[in-house]
Amino acid sequence: MNWAELGIVVLRAILVFVLLLGATIINVWAERKILADMQSRIGPNRAGPWGILQTVADGLKLFFKESVTPRKVELGMYVLAPFLAVIPAFLIFMMVPFGVPFTIGDYEVILQGADLNVGLLFILAMSSMAVYAVVLAGWSSGSKYPLIGGVRATAQAISYEAAMGLAMVAVVMFTATQGEGGTLSLAEIVARQDGTWFGIVPRWNLIPQAVAFVIFMIAIVAETNRAPFDLVEAEQEIVGGFHTEYSGMRFAMFFLAEYVNIFSMSAIAVTLFLGGWNGPTWEGTVPAFVSAILPTVWFLVKTYVVVFVFFWLRATLPRLRYDQLMSLGWKRLIPAALTWIVVSSIAIGVRQFGIPWS
Amino acid sequence: MGLVTAFLKGLRVTGLTMLRTITGQERYTTEYPYQMREKPQRFHGRHVLNRYPDGMEKCIGCELCAGACPADCIYVRGKENDPEDPTSPGERYGYVYEINMLRCIFCGLCVEACPTEAITMTKLFEMSTTNRQDAIYTREELLMREDGSVPHMFPDDELANTDDLLTADGWVRATAPSGIASYEGVQMWRGTPGPASWDPEPSQEELDRRSEPDGG
């Protein structure tokens with residue numbers, strides 16, 4: 001590795017970082033605006049045109065506020081927890097390819113933080129790490145409500161991560177039939193969704209894996225602790241849950257982590273099920289730079305559609321009760337995911353080897 | 001399956017509401033300082049002390065308003081009129097008249113108690129101050145000028161629509177002697193400038209007719 005390659009790697013990392021921060025600024029504003037529209041309100045409209053700078057203003061305010069440290073906190077964990085929340089959130093997106101690779105001179109640049117051959121596994125690992133932040137924040141606050149929030153987070157994350165992982169398994173199994181051997185690399189999964197069936201239907205995993213998609217969507221909403229699964233925060237019952245005792249910049253980091261997580265998880269849903277950056281580029285009919293940028297545009301458009309679904313759910317559904325949450329996770333989603341894996345593997349087997357008794 | 005259809009129904013409601021809001025068909029909030037909503041006919045805003053058309057003050061310093069006030073926010077001290085140059089047609093006039101707007105609950109009982117219709121309410125409600133002393137409205141701020149205009153503590157305040165000071169509250173008419181049914185459409189006192197010069201109260205039938213979509 002020479003200096004140019006190292007520079008490209010660093011630039012990629014910075015690009016992902018900037019993209020996520022920019023997306024967060026847009027997301028927080030968009031969520032408030034969309035919720036306002038769904039409730040026949042106006043929403044933020046003071047800062048900048050249509051209030052688009054509202055997030056920047058909020059961020060600046062939180063930056064200059066005092067980060068209060070209550071007397072009974074476990075100081076080390078209390079300070080560490082916000083960072084533990086933010087770092088996995090950013091690392092998850094590192095795996096997601098958000099544009100078609102291109103070459104500058106001798107070097108090939110992939111529009112992706114890093115193309116790991118165990119990308120999916122890494123994502124699962126990082127989304128589990130994010131739970132530690134919530135649990136540790138809840139425990140180290142030395143206060144009752146945060147502790148309840150933290151304990152809820154543990155149970156919720158374990159339940160829904162299982163369903164999320166099983167939905168991913170179905171996709172990986174299907175992807176293995178679409179090319180040479182199985183893969184966990186997200187770039188490869190996207191590449192295998194290129195093209196169309198019968199000339200018109202895009203070859204997205206969504207169509208053969210629709211059940212897995214539904215399970216995955218429910219699971220990622222729960223994973224990111226968003227409404228209707230926001231029992232971890234549940235401001236009406238346990239004040240603010242795990243971040244009750246946090247203020248100023250430390251709170252802002254939890255807030256940032258939540259919105260980065262929404263964006264990253266939506267990006268993963270797009271990558272696994274909606275064809276990633278695949279889409280018509282009209283090569284030859286439009287200028288070259290347009291068809292080079294179009295895949296990234298498609299990726300962002302699809303991701304924002306999924307992000308919109310997050311906001312839509314929040315505006316629509318009331319929070320689940322704790323036993324409802326558990327029964328949905330263990331009695332519905334996990335059996336459904338397991339059944340789907342069996343059904344899907346039978347279908348794959350039949351296609352490869354034919355019906356056994358004929 | 002009932003759960004799934006219920007879920008989709010819910011999504012439909014929020015989705016359609018969003019479309020209606022974006023296209024401007026449905027929006028219940030207004031951008032207040034820039035968009036003033038029309039106030040109800042019987043809005044209870046800040047008080048004003050009226051004058052007769054010849055410039056005489058209506059207040060006779062009887063302190064009935066202070067006695068009626070449940071919040072105990074009115075302080076009145078009457079003074080004998082100078083026989084050569086009377087301030088009001090009665091024996092006395094309101095020499096000191098103070099209303100503490102921080103205590104006032106805007107119930108309108110002072111208006112009801114007043115025997116001369118001297119105190120009425122306007123539709124102005126933008127009265128925020130930065131200190132307690134400013135919230136006590138004195139005679140200088142309450143009494144209308146001889147030309148019928150009404151003083152306001154912050155005349156340059158962009159929030160305060162001083163036109164509201166000239167639109168009196170209709171409630172006084174409903175509770176005044178003219179408010180009884182046989183006096184509908186009749187104006188009992190008239191000719192006073194400013195808040196007291198209002199049109200006759202429309203009858204209930206006419207109000208009903210106006211609110212019908214095809215009438216009025």
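Residues numbered from 1 in each chain as written. Chains lettered and ligands numbered in written order. Predicted model: local features only at pLDDT ≥ 70, side-chain atom pairs only at ≥ 80, totals over all residues.

**With respect to the overall build of chain A**
Stage number 1. Helix and strand counts for chain A come out as 11 helices and 4 strands.
Stage number 2. Rg of the C-alpha trace for chain A: 21 Å, near the compact-globule value of 21 Å for 358 residues, within the 12% margin.
Stage number 3. C-alpha atoms of chain A, sized along the principal axes, occupy 70 × 55 × 50 Å.
Stage number 4. Within chain A, the fraction of its 358 residues that count as buried is 44%.
Stage number 5. For chain A, restricting intrachain contacts to residue pairs at least 6 apart in sequence, the fraction spanning at least 24 positions comes to 75%. (Helix = DSSP H or I, 4+ residues; strand = E, 2+ residues; numbered from the N terminus. Rg over C-alpha atoms; globule rule 2.2 N^0.38 Å. Buried ≥ 20, exposed ≤ 12 C-beta atoms within 10 Å, placed from the backbone. Contact = placed C-beta atoms within 7 Å.)

**Re the overall build of chain B**
Stage number 1. For chain B, the helix and strand inventory stands at 6 helices and 5 strands.
Stage number 2. Going residue by residue from the N terminus, the α and β elements of chain B occur as α-β-α-β-β-α-β-β-α-α-α.
Stage number 3. When each of the 216 residues of chain B is scored for burial, the buried share is 24%.
Stage number 4. Sequence-distant contacts, at least 24 apart, represent 68% of the contacts inside chain B between residues at least 6 apart.

**Structural notes on the sheet that holds strand β5 (residues 136–137) of chain B**
Working definition: the strands of a sheet are paired by backbone hydrogen bonds and lie parallel or antiparallel to each other.
All names here are of chain B.
Stage number 1. Reading across the sheet, the 3 strands line up as β2-β3-β5 and stay open at both edges, with antiparallel pairing between neighbours. Since the sheet does not close on itself, it has two edges, and those belong to β2 (74–80) and β5, each with one partner.
Stage number 2. Sheet topology places strand β3 (residues 92–100) next to β5; 2 bridges connect them, and they run antiparallel. Bridged to Ile-99 within β5 is Tyr-137. (Pairing = 2+ DSSP bridges.)

**What about the confidence of the model for chain B?**
Residues and elements named next belong to chain B.
Stage number 1. Taken over all residues, the pLDDT of chain B has a mean of 76, while the share at 70 or more is 73%.
Stage number 2. Here residues 169–180 is modelled with pLDDT under 50, and outside its nearest four sequence neighbours on either side it reaches 24 contacts, counting other chains as well.
Stage number 3. Note that pLDDT drops below 50 for residues 188–193; the model gives that stretch 15 contacts with residues more than four away or on any other chain. (pLDDT = per-residue confidence, 0-100.)

**So, the packing of helix α4 (residues 119–140) of chain A against helix α5 (residues 144–177) of chain A**
Residues and elements named next belong to chain A.
Stage number 1. Between α4 and α5, whose axes approach to 8 Å, the crossing angle comes to 175°. When the axes of α4 and α5 are compared, the pair comes out roughly antiparallel. The residues of α5 that touch α4, namely those facing Leu-120, Leu-124, Ser-127, Ser-128, Val-131, Val-134, Val-135, Ala-137, Gly-138 and Trp-139, are Pro-146, Leu-147, Gly-149, Gly-150, Ala-153, Thr-154, Ala-157, Glu-161, Gly-165, Met-168 and Val-172.
Stage number 2. Of the residues contributing to the contact of α4 with α5, the split by class is 13 nonpolar, 7 polar and 1 charged. (Axes fitted to C-alpha atoms, helices over the stretch in contact; angles between N-to-C directions. Parallel < 35°, antiparallel > 145°, perpendicular 65-115°, else oblique. Nonpolar A, V, L, I, M, F, W, Y, C, P; charged D, E, K, R; others polar.)

**A few points about the environment of A:Val134**
Stage number 1. The topology assignment puts A:Val134 in helix α4.
Stage number 2. Spatially, the C-alpha atoms of A:Val134 and A:Gly149 are 8.0 Å apart, while their sequence positions differ by 15 residues.

**Observations regarding the packing of helix α7 (residues 210–223) of chain A against helix α11 (residues 322–353) of chain A**
All names here are of chain A.
Stage number 1. Put simply, α7 and α11 touch, their axes get as near as 10 Å, and they point 150° apart. The angle between the axes of α7 and α11 places the two elements in the roughly antiparallel class. The handedness of the crossing between α7 and α11 is left-handed. Where α7 abuts α11, its residues Val-211, Ala-212, Ile-215, Ile-218 and Ala-219 lie against Leu-333, Ala-336, Ala-337 and Trp-340.
Stage number 2. The class makeup of the residues in the contact of α7 with α11 is 9 nonpolar, no polar and no charged. (Left-handed = near helix turned anticlockwise from the far one by under 90°.)

**What to know about the nonpolar core**
Stage number 1. Core analysis: the largest hydrophobic core is formed by 102 residues, its most contacted members being A:Ala85, A:Ala163, A:Ala167, A:Ile215, A:Phe216, A:Ala219 and A:Ala269.
Stage number 2. Of the residues forming this core, the biggest block, 17 residues, is contributed by helix α9 (residues 248–273) of chain A.
Stage number 3. Aside from chain neighbours lying at most four places away, what touches A:Ala269 is A:Phe216, A:Met217, A:Ile220, A:Leu274 and A:Val306.
Stage number 4. Core analysis: the next-biggest nonpolar cluster, separate from the first, contains 23 residues, B:Leu49, B:Tyr97, B:Val111 and B:Met144 among them. (Core = buried A, V, L, I, M, F, W, Y, C linked by C-beta atoms within 7 Å.)

**Side note on unusual backbone geometry**
Stage number 1. With an omega dihedral of 5°, the bond running from A:Ala227 to A:Pro228 counts as a cis peptide bond.
Stage number 2. Relative to the assigned elements, A:Pro228 resides in the loop between α7 and α8 (235–238).
Stage number 3. Despite not being glycine, B:Glu63 shows a phi value in the positive range, around 70°.
Stage number 4. Residues other than glycine seldom take positive phi values, yet B:Phe106 does so here, at roughly 55°.
Stage number 5. Among the secondary structure elements, B:Phe106 is positioned in the loop between β3 and α3 (109–113).

**Details of α9(A)**
Within an α-helix, residues lying three or four positions from one another point in the same direction, as the helix has 3.6 residues per turn.
Residues and elements named next belong to chain A.
Stage number 1. Compared with the 38 Å implied by 1.5 Å per residue over 26 residues, the 38 Å span of α9 between its first and last C-alpha is a close match.
Stage number 2. The buried fraction of α9 amounts to 23 of the 26 residues, a majority that puts the element mostly inside the structure.
Stage number 3. Backbone geometry just after α9 places Gly-275 at a positive phi near 80°. (Expected span 1.5 Å × (residues − 1).)

**Observations regarding the pairing of β3(B)**
Stage number 1. Where β2(B) lies against β3(B), 7 bridges are found, and the strand directions are antiparallel. Paired with B:Ile74 across the two strands is B:Ile99, which belongs to β3(B).

**A look at the environment of A:Gly105**
Residue and element names in this part refer to chain A.
Stage number 1. With respect to the helices and strands, Gly-105 occurs in the loop between β1 (102–104) and β2 (107–109).
Stage number 2. The exposure class assigned to Gly-105 is exposed, which follows from the 6 C-beta atoms found within 10 Å.
Stage number 3. The spacing of Gly-105 and Met-126 is 21 residues in sequence and 34 Å in space, taken between C-alpha atoms.

**Section: helix α10 (residues 288–316) of chain A**
Stage number 1. In this model α10(A) runs 43 Å from its N-terminal to its C-terminal C-alpha over 29 residues, within 8% of the 42 Å that 1.5 Å per residue would give.
Stage number 2. In the structure, α10(A) departs most strongly from a straight axis at A:Leu294, where the bend amounts to approximately 35° and where the proline A:Pro295 lies between one and four residues downstream.
Stage number 3. The inward-facing, buried residues of α10(A) contact α1 (3–38), α7 and α9 of chain A together with α1 (2–22) of chain B. (Bend = angle between axes of the 7 residues up to and from the residue.)

**Quick look at the environment of B:Met153**
Residue and element names in this part refer to chain B.
Stage number 1. Of note, Met-153 is situated in the loop between α4 (139–142) and α5 (171–175).
Stage number 2. Each C-alpha atom of the pair Met-153 and Phe-7 lies 55 Å from the other, and the pair is 146 residues apart in sequence.
Stage number 3. Contact partners of Met-153, with chain neighbours within four places excluded, come to Asp-134 and Glu-141.

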